[in-house]
There are 2 protein chains.
Amino acid sequence: MCELLGMSANTPTDLCFSVTGLTRRGGGTGPHKDGWGVAFYEGKGLRLFHDVEPCATSPIAEFVGKLPIKSKTAICHIRQANVGNINLSNTHPFVRELWGRNWVFAHNGQIPNFTRRVGMYEAVGDTDSEELFCDIMNQVRQNLPRDAMPAQLTDTLVSLAQEYARQGVFNCLLSNGDWLFSFCSTKMASITRRAPFGPACLKDVEVNIDFAAETAPDDVVSIIATEPLTHDEDWDIYERGEWKLWQHGEVIAGGKTDVPVHAAEATMTAPAGMPVDAKA
Amino acid sequence: MCELLGMSANTPTDLCFSVTGLTRRGGGTGPHKDGWGVAFYEGKGLRLFHDVEPCATSPIAEFVGKLPIKSKTAICHIRQANVGNINLSNTHPFVRELWGRNWVFAHNGQIPNFTRRVGMYEAVGDTDSEELFCDIMNQVRQNLPRDAMPAQLTDTLVSLAQEYARQGVFNCLLSNGDWLFSFCSTKMASITRRAPFGPACLKDVEVNIDFAAETAPDDVVSIIATEPLTHDEDWDIYERGEWKLWQHGEVIAGGKTDVPVHAAEATMTAPAGMPVDAKA
């Protein structure tokens, strides 16, 4: 299994605090030692960092954690390999161009023996996650107009996510730089920080931050992660089958769909319904 | 205009020495201050770094220059913007997935008002270079089988390159991680280092290296750049219209095609026939 971290903000925001918390789980406080990656959008452009080293000890992760990269949308992933070797081509997040935008995807879970349907996007590596991403991209390209509105888009994304969640565990983050789609198959949590901003303390490392000193009154910054990253804030825990479409730090669409519980989950994720927090 | 740097080697090789030389031209010894980028292949996977800061002063460039990243194929580009704003989406090298591989492209030159033909690949940014790359990818996907042999592939790439070079300046590096294609419209140079390895000194910064201490007897490492990076080695200067396909550090195919001289070149590149070295 892996850990996911996403950010949606209404102003370019520094993700260092959350990245610092998440990366400690990469071989540090967590077992996710098989590489990590992050994609920061700057407009339609991307800053990508991928590494096969445990991010808790990766020089690149340490460097990125200190870079004051400001982004409105970002997706980060740390990996515990269960399918596919440990190499760069199997390291999330994955990127493809569609309709003149960079689409970025990261997946938490496992769908054994998944094979994408025929389409122009193909996996470079050998993970089920990249096959899933390519299937999504092929389905979106084949079934939606390039100017698809969020409602159309989420109809397609949710039906695909539900289809995947019936075959295995499918927690995901997907973005085209304009919006951020999040789906909870077994675990996902979010928090929206806005004025009045307060302090926060990371669960995984002794780091405190006073967001009031880091933000402007109008800033709205939402963090979406497979597990809450702070222990002194009130995170919203997604329900099984719940999805949210984020834009500029706000939820612009959301809903819940039925997804089954898989026997295999017991060994790899939190039992259905248990607050993810309780696992920390 | 910009600077290009490519590497083809028969063993994973550290490109730090050449990157150090090239990046000094990014706002240092050269005018190329409008961002830079580099793509290192590790198997079929990629390590990508892009920045809009002048690479001579970019913290990311300094960091990358010190990383002992070892790759058999790499493409680096530093930019002096002439088309498109200075932002990440306009920063080379550009990447697209085709037939399950990452294709990487970087361009030196300018082809005013170039517009790609219809196809699935679209530019994310607004440079002529990315339009050219998308046109190449669309033509390759539409006209070649996925198992195209180098001969078939180069026929297509060379005819496209010649077509572009008739419309403007088109020096380029293109790779799918297996081979590295290089085309000289106005300037390109290469050097192949093999045993017995000797010392070398960068032109752009006082750095010396003894390759004998860095390499094994069987290593073959070729560097391809728009201008020679060292002043004490004998670089091969490409002729106008010359192309080479590199693999494992060796030229596996090459040739020369007719390309015209453009009046505009005088202000942006070396006069035809003048050794690129003479411009240093």
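Residues numbered from 1 in each chain as written. Chains lettered and ligands numbered in written order. Predicted model: local features only at pLDDT ≥ 70, side-chain atom pairs only at ≥ 80, totals over all residues. Heavy atoms only, no water.

Digging into the overall build of chain A
Then, in step 1: The secondary structure content of chain A amounts to six helices and 15 strands.
Then, in step 2: In chain A, buried positions account for 62% of the 280 residues.
Then, in step 3: Contacts in chain A between residues at least 24 apart in sequence constitute 69% of all its contacts with a sequence separation of at least 6.
Then, in step 4: About 10,100 Å² of surface is accessible on chain A, with carbon and sulfur atoms providing 50% of the total. (Helix = DSSP H or I, 4+ residues; strand = E, 2+ residues; numbered from the N terminus. Buried < 20%, exposed > 50% of the residue type's maximum accessible area, 1.4 Å probe, protein only. Contact = heavy atoms within 4.5 Å. Areas by Shrake-Rupley, 256 points an atom, 1.4 Å probe, with all protein chains shown as cover.)

Structural notes on the relation of the copies chain B and chain A
Then, in step 1: Placing chain B over chain A gives an RMSD of 0.0 Å and needs a rotation angle of 180°, together with 0.0 Å of translation along the axis. What the rotation and shift describe, once combined, is the action of a two-fold rotation axis. Considering only C-alpha atoms, the residue of chain B closest to the rotation axis is Leu-48 of chain B, which sits at 3.1 Å.
Then, in step 2: Interface residue correspondence from chain B to chain A reaches 100%, placing this contact among same-surface, isologous pairings. (Least-squares fit on C-alpha atoms with pLDDT ≥ 70 in both.)

Some thoughts on the interface of chain B and chain A
Interfaces are often sized by the amount of accessible area the parts lose when they come together.
Then, in step 1: Counting residues at the interface gives 29 residues for chain B and 29 residues for chain A.
Then, in step 2: Here chain B and chain A share an interface that buries about 2,400 Å² over both sides, 58% of which is from carbon and sulfur atoms.
Then, in step 3: Our count for the contact surface shared by chain B and chain A stands at six salt bridges.
Then, in step 4: Among the salt bridges present, the one from Glu-97 of chain B reaches Arg-96 of chain A, with a minimum N-O distance of 3.3 Å.
Then, in step 5: Where chain B packs against chain A, one counts 14 residue pairs in polar contact (both at pLDDT 80 or more). (Buried area = accessible area lost by both parts, 1.4 Å probe. Salt bridge = Lys/Arg side-chain N within 4 Å of Asp/Glu carboxyl O. Polar contact = N/O pair within 3.5 Å; in protein donor to acceptor, adjacent residues only side chain to side chain.)

As for the pattern of salt bridges
Then, in step 1: Counting across every chain of the model gives 24 salt bridges over all chains.
Then, in step 2: Note that Glu-42 of chain A is salt-bridged to Arg-47 of chain A, the shortest N-O span being 2.6 Å.
Then, in step 3: Glu-130 of chain B is the partner of Arg-96 of chain B in a salt bridge, and the nearest nitrogen-oxygen pair spans 2.8 Å. In this pair, Arg-96 of chain B is assigned in strand β5 (residues 94-98) and Glu-130 of chain B in helix α3 (residues 128-143), connecting sequence segments 34 residues apart.
Then, in step 4: On the basis of relative accessibility, which here comes to 2%, the residue Glu-130 of chain B falls in the buried class.
Then, in step 5: Each member of the salt-bridge network shares a partner with another, and the members are Glu-42 and Arg-47 of chain A together with Asp-51 of chain B.

A short note on the sheet that holds strand β8 (residues 180-183) of chain A
Adjacent strands of a sheet form backbone hydrogen bonds with each other and so pair up, either parallel or antiparallel.
All names here are of chain A.
Then, in step 1: What the six strands build is an open sheet, ordered β5-β6-β7-β8-β14-β15; its pairing is antiparallel. Of all the strands in the sheet, the pair left with one neighbour each is β5 (94-98) and β15 (250-256). Neighbour-to-neighbour, the strand axes of the sheet open up by a mean angle of 15°, direction not taken into account.
Then, in step 2: Note: β5 against strand β6 (residues 101-108), five bridges, orientation antiparallel. Looking at the pairing, Phe-94 lines up with Phe-105 of β6.
Then, in step 3: Strands β5, β6 and β7 (171-175) of the sheet are contacted by helix α3 (residues 128-143), whose axis makes an angle of about 15° with β5. (Pairing = 2+ DSSP bridges. Axes fitted to C-alpha atoms, helices over the stretch in contact; angles between N-to-C directions.)

Section: the pairing of strand β3 (residues 45-51) of chain A
Residues and elements named next belong to chain A.
Then, in step 1: Across the seven residues of β3, seven count as buried, placing the element largely inside the fold.
Then, in step 2: Two strands pair when backbone bridges link them, and strand β2 (residues 36-42) and β3 are joined in this way by seven bridges, in the antiparallel orientation. Each residue of the ladder has a partner; that of Gly-37, found in β3, is His-50.
Then, in step 3: Hairpin connection of β2 to β3: two residues between the antiparallel strands, including Gly-43 at a positive phi of 65°.

With respect to the sheet that holds strand β15 (residues 250-256) of chain B
All names here are of chain B.
Then, in step 1: Spatial ordering of the open sheet is given by β5-β6-β7-β8-β14-β15, a layout of six strands whose pairing is antiparallel. Edge positions in the sheet fall to β5 and β15, since each of these pairs with one other strand and no more. This sheet shows a mean twist of 15° between the axes of neighbouring strands, independent of strand direction.
Then, in step 2: Examined bridge by bridge, strand β6 (residues 101-108) and strand β7 (residues 171-175) share five bridges and lie antiparallel to one another. Counterpart to Phe-105 in the pairing with β7 is Leu-174.
Then, in step 3: Against the sheet, α3 touches β5, β6 and β7, its axis set at about 15° to β5.
Then, in step 4: Its contacts with the sheet put helix α4 (residues 150-165) on β6, β7, β8 (180-183) and β14 (242-247), and the angle it makes with β8 is roughly 30°.

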